[in-house]
Amino acid sequence: MRQISAIIIVSAFLLPATVAYPQRSQVPLRVFLNEIQPGVMSSPQYCLLVFDDHHFHTEKANIKDQRATDRKVSDGQLSDKDWSALVAIIDSEQFRDLNVPQSVPPPVMQDTHPYTIGIARGKNFQNMEFLDSKSMKPYEAEVKPLLQWWKAVRSKRMESKPSDSDSRCTLDNSHAIFAQ
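Please read all numbers here as calculations on a predicted model, not as lab measurements.

Colleague: Go over the pattern of salt bridges, please, and point to the residues and values.
Modeller: This model, assessed by the stated rule, comprises six salt bridges. A salt bridge links Glu 59 to Arg 71, with the nearest nitrogen and oxygen atoms 2.7 Å apart. Of this pair, Glu 59 sits in strand S4 (residues 55-64) while Arg 71 sits in strand S5 (residues 67-77), and the two are twelve residues apart along the sequence. When its relative accessible area of 1% is taken as the criterion, Glu 59 is described as buried.

Spelled out as structure tokens, the structure:
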């Protein structure tokens, strides 16, 4: 059996994307995306909040020794093209009809790569949590376009300004999962 190579706090997948958290503004949250990429010494965490007025809040941190370090935070506005592409994905019938049951993670996992997705649907959220590629596999056709959109937006040099961290992007470190 391989030694445990890292302890990754992946409980961000347990963070419900609900309005229970303090609002950054009065504008409703439309989309919540969170990803922790696997790593040996540290694991990058990406978080994106998109609001109904096309504004976004993004954070990138490195998770090392159960703590987020080197957090980069910014706010900006999505272009009309990026907004339209996002809405086309999340409002498609196939995406709207996704019903991903919540699961309880095992204490030890291999090949973790957690994603948390929350989409505002009226007064509720359509929440999806994936710990690894295996848990995402049945939903990949519907979810992959959103993840590709996010990756493309993340790689663009968008006009943004430094900002304060948002509690919705902070990991809940009370649920550790050991990654092999």
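So that's the structure; there's more coming.
Colleague: Give a description of the nonpolar core that names residues and reports values.
Modeller: Counting 27 residues, the largest nonpolar core has Leu 86, Phe 95, Ile 117, Phe 130, Val 143, Leu 146 and Trp 149 as its most contacted members. Counting only elements with at least two residues in this core, the list comes to strand S2 (29-36), strand S3 (43-51), helix H1 (80-90), strand S7 (115-121), strand S8 (124-130) and helix H4 (140-155). The element best represented in this core is H4, accounting for six residues. Leave out the neighbours within four places in its chain, and Trp 149 touches Leu 33, Leu 48, Leu 78, Asp 82, Ala 85, Leu 86 and Ile 89. Listed in part, the eight residues of the second largest apolar core include Leu 29, Phe 32, Leu 49 and Phe 125.

About the criteria used
Per chain, residue numbering runs from 1 following the sequence as it is written. In view of the model being predicted, local features appear only for residues whose pLDDT reaches at least 70, and side-chain atom pairs are presented and counted only at 80 or more, with totals across whole chains, interfaces and linings using the full set of residues. Side-chain metrics in this entry use all non-hydrogen atoms of the structure; hydrogen atoms and water are not considered. Here a salt bridge means any side-chain nitrogen of Lys or Arg lying within 4 Å of a carboxyl oxygen belonging to Asp or Glu. Strands are runs of DSSP state E lasting at least two residues, helices are runs of H or I lasting at least four, and both sets are numbered from the N terminus onward. Note on exposure labels: buried denotes an accessible area under 20% of the residue type's maximum, exposed denotes more than 50%, and partly exposed covers the range between, all computed with a 1.4 Å probe on protein chains only. Remark: nonpolar core denotes a set of buried residues (Ala, Val, Leu, Ile, Met, Phe, Trp, Tyr, Cys) joined through side-chain atoms within 4.5 Å. Residue contacts follow a heavy-atom distance rule, with two residues in contact if any of their heavy atoms lie within 4.5 Å.

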